[in-house]
Amino acid sequence: MRAVEVWFRARGWKPFRFQKEAWSAYLEGKSGLVHAATGTGKTQAAWMGPLIESLREGKVGEPPPLRVLWITPLRALANDTLQALRDPAEVLGTGWTVGLRTGDTSQVERRRQRERLPTALVTTPESLCLFLATPGQQATFSGLRCVVVDEWHELFGTKRGVLLELALARLRAIAPGLRIWGLSATLGNTDEAARALAGERAVLVKADLPKKIVVDAAIPREMERFPWAGHIGTRLLGDVIEAIEGSRSALIFTNVRSQTEIWHRAILEARPDWEDVVAIHHGSLDRERRDEVEQGLREGRLRAVVCTSSLDLGVDFSPVDRVVQVGSPKGVARILQRAGRSGHRPGETSRITCVPTHALELVEIAAVRDAVERREIEGREVVWRPLDVLVQHLITAAAGGGFEERAMLAEVRSTLSYRDLGDDEWRFTLDFVERGGETLRAYPEYRRVVQRDGRWVVGDAQVAARHRMAIGTIVSDPAIEVRYLSGGRLGTVEESFVAKMQPGDRFVFAGKPVAFVRLQETTCYVRRASAGGGAVPQWAGGRMPLSTQLAHAVRRRLDSAEAGRFEGAEMRAVRPVLDTQAAWSRIPRADELLVERLLSPDGWHLFFYPFEGRLVHEGLAALCAWRIAKRARATFSLACNDHGFELLSAARVEVERALDEGLLASEGLAEDIAESLNAGALARRHFREVARIAGLVVTGFPGRGAPARRVQASAELFYDVFSRYDPGNLLLRQAGREVLERQLEASRLRRTLERLRSSRVVVVDIEKPTPFAFPLMVDRLRETLTNERLEDRVKRMRLELEAEVPAPVSARRR
């Protein structure tokens, strides 16, 4: 290790204990996970072990064949990783070559790599699967010694991570002595994450390096007692501009792409002289435009970038010294990841300033700082036995040279996700890839693998080629490409946004004002428009609920407020809101569920405040409405946010009686949820993802993508056929499970019901909407107002409430 330590000293560094621990474990033949804060040297912890091993063996005449695969979840990270690996390999004189292979790799480089791969190859999970789907992989990977999976927390707990688990199991079968190491910065369940990646004997290496993280907030100068989501808007723009002015470069994170467009436009309207130094970056922008922004960050040409999670992992942009978070971060891991983009060196302080979009987010900001100090980081749930991913992997293995059934089953069960794979599930999956299952057996195009000489292989070259084009588990939302008439691609928007547009309608996209010209198949043509107003595209999937850890921290903060303790600048600022809530109703304690009942001209309102996040509240609202309606016929309007939910009906609901009769019981949850939310219809829609990953529907060839509506229709047709003729189809069941978990967080919903059943329920009859109830009423108005601007109606409602503060009303404990 002496040469490596000399390399460190030459740069003014000293190896940390956790780095040396990782090197020793690697040299002993072990696999594991390195868990350390962003910017503390995880790359060197994983990379130096293979280099030390090479130095001990002595330099050979020509570069060794492929020894190390470095898997990165983002193409944007690949180039930076490449440079970080090349420097020590060259300086230490290993003779190693380091190369890159992603979807962006040129054909010239691909041809060169076909002749000889570099000693170390930086690639993505999808590119690795493409290698495995190509004949000759046995020779390609036979000399492989190490796989490093960077940013494992971004993959663990996703289907993309499951596909990588299967690929790694395939590599272990080809190279039995393979060592697998993962790098992660923000994970709560590190032991489970290590086992998923590197097996039951995985070593967990943790950096004992205290990383100081400062979380503060921009405080509104005036605080309205009746907040609603978005009411602060860009009112704190001055604080953001001040943060940009006080730094060399900054990242302005938002939670949704539409918010990114709004804030980018607001900053440039306030500072038009920043046109060339303030950029925008999110996942719907064209790849070239994002590359330009990332390069501008590397070179220090940009003063600020307004972005979404597209830069959570980021590129290697050490000049960034300030991070701003617009809105609540909604999770502890997310704020740690984003804060880590500043002070991106060992020993430096990372600072993140949160800008609330409504007053109650100040409570969330105070709570997330508590959770950061307590290191209460969210874990990732294991994705258990997704058969669509297994279908894809089996075809990949069959296309790459084939597999023997018994050996493959053992290989699959060696992974954490499939360790409990049942024999019936295995037989179904194998039958599905062989002949399309019971329903599709009459159609030759679904006979994708055949058995020859005891091995399962892909017998048709066209099937293999089509499969390689569809490898991966990233299923994008239905999207329309946005292009200038004069040429040039801006990115993609959702079909529903442009479907209602007329020629000449203006909107802002990629930070540019444009005017709609026409929609032609899957392309929206636009022309440049003069500066000014315009709609901002809305993207689905932008709802980001409170995490379990942050929700718990919020309840703790409210518990302190109820006891009269308002610690910290955020809680002192939001005190007028909470004091009004306490005077008009109650601030719930951590072990209480507050229910408010109100009679208004709209009808009878019930407001529940579990403080568990939007997705859980959506499920709870539907569940409660369904259970109440089963006992006494009623029709409800529903509204939800991260703090609670509203049920509105024409008749008074005796909620006390409903609670006594099991309104919050967890028994029968699955059945009641399925009926209350028409889960079958949701699963039918979601089946598009399952069908796409399993290769039932094809999204099109490069440059000729199938229209989103056609893909959806094809997937739904398969769903209907399976439902009618093969109701026990395991892919149908999988779609149903995934809808419950992803869209409703069913497991968390059950835990919430169990918590609420053991809590005190406080029912309060109120005379006016409280500060907690007001934002729920506004959310419902968003869906119902037609001929009156929402802002005007909300302003009138707020002024009416401000005019008179009624005396506190009595509360009844249950």
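Cut-offs used in this document
- Residues numbered from 1 in each chain as written.
- Predicted model: local features only at pLDDT ≥ 70, side-chain atom pairs only at ≥ 80, totals over all residues.
- Heavy atoms only, no water.
- Helix = DSSP H or I, 4+ residues; strand = E, 2+ residues; numbered from the N terminus.
- Rg over C-alpha atoms; globule rule 2.2 N^0.38 Å.
- Buried < 20%, exposed > 50% of the residue type's maximum accessible area, 1.4 Å probe, protein only.
- Contact = heavy atoms within 4.5 Å.
- Areas by Shrake-Rupley, 256 points an atom, 1.4 Å probe, with all protein chains shown as cover.
- Lys, Arg positive; Asp, Glu negative; His and termini not counted.
- Charge placed at Lys NZ, Arg CZ, Asp CG, Glu CD.
- Pairing = 2+ DSSP bridges.
- Axes fitted to C-alpha atoms, helices over the stretch in contact; angles between N-to-C directions.
- Parallel < 35°, antiparallel > 145°, perpendicular 65-115°, else oblique.
- Left-handed = near helix turned anticlockwise from the far one by under 90°.
- Nonpolar A, V, L, I, M, F, W, Y, C, P; charged D, E, K, R; others polar.
- Salt bridge = Lys/Arg side-chain N within 4 Å of Asp/Glu carboxyl O.
- Phe/Tyr/Trp six-rings, centres within 6.5 Å; stacked < 30°, edge-to-face > 60°.
- Lys NZ or Arg CZ within 6 Å of the ring centre and 35° of its normal.
- Polar contact = N/O pair within 3.5 Å; in protein donor to acceptor, adjacent residues only side chain to side chain.
- Core = buried A, V, L, I, M, F, W, Y, C linked by side-chain atoms within 4.5 Å.
- Arc of directions from axis to C-beta.
- pLDDT = per-residue confidence, 0-100.
- Disulfide = S-S within 2.5 Å.

*Asks:* Would you mind showing me how to read the overall build of the protein chain here?
*Replies:* In terms of regular secondary structure, the protein chain is built from 31 helices and 28 strands. Radius of gyration (C-alpha) of the protein chain: 28 Å, near the 28 Å computed for a compact globule of 814 residues. Taking the principal axes of its C-alpha atoms as reference, the protein chain extends roughly 85 × 65 × 60 Å. The buried share of the protein chain, reckoned over its 814 residues, is 57%. Long-range pairs, those at least 24 residues apart, make up 75% of the contacts in the protein chain between residues at least 6 apart in sequence. When the accessible surface of the protein chain is summed, it comes to about 34,200 Å², and 47% of that surface belongs to carbon and sulfur atoms. Averaging the locations of the 120 positively and 108 negatively charged side chains of the protein chain gives two centres separated by 3 Å.

*Asks:* For this particular structure, what's the right way to read the sheet that holds strand β12 (residues 322-326)?
*Replies:* Within a beta sheet, neighbouring strands are joined by backbone hydrogen bonds and run either parallel or antiparallel to one another. Reading across from one edge, β8-β13-β12-β9-β11-β10 is the order of the six strands in this open sheet, with parallel pairing throughout. Each of the sheet's edge strands pairs with one partner strand only, and the pair in question is β8 (213-217) and β10 (278-281). Neighbour-to-neighbour, the strand axes of the sheet open up by a mean angle of 20 degrees, direction not taken into account. Pairing of strand β9 (residues 250-253) with β12, which is carried by four bridges, proceeds in the parallel orientation. In the sheet register, Ile-252 faces β12, and the bridge partner there is Val-324.

*Asks:* What is the right way to look at the sheet that holds strand β4 (residues 120-123) in this model?
*Replies:* Here we have seven strands laid out as an open sheet, ordered β3-β4-β2-β5-β6-β1-β7, and parallel in their pairing. The strands lining the two open edges of the sheet, one partner per strand, are β3 (98-101) and β7 (203-206). Mean inter-strand twist for the sheet, computed between neighbouring axes without regard to direction, equals 20 degrees. In terms of strand pairing, strand β2 (residues 68-71) meets strand β5 (residues 146-149) through four bridges, oriented parallel. By the bridge assignment, Trp-70 is partnered in β5 with Val-148.

*Asks:* Help me out: how do you make sense of the packing of helix α15 (residues 387-399) against helix α16 (residues 405-413) in this one?
*Replies:* Axis separation between α15 and α16 bottoms out at 12 Å; the angle between their running directions is 135 degrees. Compared by their axis directions, α15 and α16 come out oblique. The chirality of how α15 crosses α16 is right-handed. Where α15 approaches α16, its residues Leu-390, His-393, Leu-394 and Ala-397 are matched on the opposing element by Met-408, Glu-411 and Val-412. A breakdown of the residues in the contact of α15 with α16 according to their chemical character gives five nonpolar, one polar and one charged.

*Asks:* Just checking my understanding: could you explain the pattern of salt bridges for this structure?
*Replies:* For side chains of opposite charge, pairing can occur when their charged atoms come near one another. As enumerated under the stated definition, the model contains 58 salt bridges in all. The closest approach of N and O atoms between Lys-159 and Glu-689, which form a salt bridge, is 3.0 Å. Of this pair, Lys-159 sits in helix α8 (residues 159-174) while Glu-689 sits in helix α26 (residues 679-693); the two residues are 530 residues apart in sequence, bridging distant segments of the chain. We note that Lys-159, like Glu-689, is buried. Through salt bridges with shared partners, a single network forms among Glu-53, Glu-57, Arg-67, Arg-145 and Arg-179.

*Asks:* Would you mind going over the packing of aromatic side chains with me for this structure?
*Replies:* Two aromatic rings are characterised by how far apart their centres lie and by the angle between their planes. Using the criterion set out here, one finds 17 aromatic pairs in the structure. Through a chain of ring-to-ring contacts, three or more aromatic side chains come together here, namely Tyr-446, Phe-687, Phe-718, Tyr-719 and Phe-722. The cationic tip of Arg-518 hangs over the ring face of Tyr-525; the distance from NZ or CZ to the ring centre is 4.7 Å.

*Asks:* Can you help me understand the environment of Ser-417 in this one?
*Replies:* Checked against the element boundaries, Ser-417 lands in the loop between α16 and α17 (423-435). Ser-417 sits in the buried class, given a relative accessible area of 1%. Separated by 197 residues in sequence, Ser-417 and Pro-220 place their C-alpha atoms 47 Å apart. Setting aside residues up to four positions removed in sequence, Ser-417 forms contacts with Val-162, Glu-165, Val-382, Val-383, Trp-384 and Arg-385. Of note is the side chain of Ser-417, whose polar atom sits 3.0 Å from the backbone oxygen of Val-383.

*Asks:* How should the pairing of strand β18 (residues 506-509) be read in this particular structure?
*Replies:* For a regular strand, side chains alternate in direction, first toward one face of the sheet and then toward the other. One ladder, built from four bridges, connects β18 with strand β19 (residues 512-520); its direction is antiparallel. Following the sheet pairing, Arg-506 is matched in β19 by Ala-515. If you look at the hairpin formed by β18 and β19, you'll find two residues sitting between the two strands, and Ala-510 has a positive phi there, around 55 degrees.

*Asks:* For this particular structure, what's the right way to read the nonpolar core?
*Replies:* Proteins that are soluble and globular tend to have nonpolar side chains buried together. Grouped together as the largest cluster of nonpolar side chains are 82 residues, with contacts concentrated most on Leu-69, Phe-141, Val-147, Trp-152, Leu-171 and Phe-687. If one sorts the elements of this core by residue count, α15 sits on top with nine residues. Not counting residues within four places of it along the chain, the set of residues in contact with Leu-69 comprises Leu-121, Thr-123, Leu-128, Phe-141, Leu-144, Cys-146, Val-147, Val-148 and Leu-171. In terms of nonpolar packing, the next biggest core, distinct from the first, is built from 66 residues, Leu-297, Val-363, Phe-566 and Ala-573 among them.

*Asks:* Would you take a moment to explain helix α10 (residues 237-245) for this structure?
*Replies:* Quick reminder: α-helices carry 3.6 residues per turn. Residues three or four places apart thus point the same way. The complete set of buried residues in α10 reads Leu-237, Val-240, Ile-241, Ala-243 and Ile-244. When α10 is viewed along its axis, its buried side chains cluster within an angular range of 155 degrees and face the same direction. Buried positions along α10 lie against β9, α11 (257-270), β11 (304-307), β12 and β13 (350-355).

*Asks:* Honestly, the environment of Gly-487 in this entry has me stumped. Any pointers?
*Replies:* Mapped onto the elements of the fold, Gly-487 is located in the loop between β16 (479-484) and β17 (489-494). Taking the C-alpha atoms as reference points, Gly-487 and Arg-527, 40 residues apart in sequence, are found 9.7 Å from one another.

*Asks:* It is not clear to me how helix α1 (residues 2-10) should be interpreted in this structure. Could you clarify?
*Replies:* Of all the residues in α1, the buried ones are Val-4, Trp-7 and Phe-8. In a view along the axis of α1, the buried residues occupy a sector of 100 degrees, so they form one face of it. Counted as exposed and oriented over 90 degrees from the buried face of α1: Arg-2, Arg-9 and Ala-10. Just beyond α1, the residue with positive phi is Gly-12, at close to 75 degrees.

*Asks:* Explain the confidence of the model for the protein chain here, please?
*Replies:* Fine structural detail should not be taken from predicted coordinates in areas where pLDDT scores are low. In the predicted model, the protein chain carries a mean pLDDT of 88, and the fraction of residues at 70 or more is 91%. Per-residue pLDDT, averaged within each element of the protein chain, yields its smallest value for strand β28 (residues 811-813) (44) and its largest for β5 (98). Considering only residues more than four positions removed or in separate chains, one finds that residues 807-814, a stretch of pLDDT under 50, has 26 contacts.

*Asks:* Would you mind showing me how to read the side chain of Glu-570 here?
*Replies:* Relative to the helices and strands, Glu-570 resides in helix α22 (residues 569-584). Judged by its relative accessible area of 3%, Glu-570 falls in the buried class. Apart from residues lying up to four places away in sequence, Glu-570 is in contact with Asp-216, Ala-217, Ile-219, Leu-362, Ile-365, Ala-366 and Arg-369.

*Asks:* Would you explain the state of the cysteines in this entry?
*Replies:* Covalent bonding between the sulfur atoms of two cysteines defines a disulfide. Counted according to the given criterion, the structure contains zero disulfides. Cys-129 takes part in no disulfide bond, and the closest cysteine sulfur, belonging to Cys-146, lies 18 Å away. Look at Cys-146 and you get buried, because its relative accessible area is 1%.

*Asks:* Where do I start with unusual backbone geometry in this structure?
*Replies:* What is expected of a backbone is that most residues other than glycine have negative phi and most peptide bonds are trans. Positioned with a positive phi, Lys-330 is a non-glycine residue whose angle comes to about 70 degrees. With respect to the helices and strands, the residue Lys-330 is situated in the loop between β12 and α13 (332-339). Positive phi, normally seen in glycine, also occurs at Phe-611, with a value near 55 degrees. Tracing the backbone shows Phe-611 in the loop between β22 (603-609) and α23 (614-631). The class for Phe-611 is buried, based on a relative accessible area of 5%.

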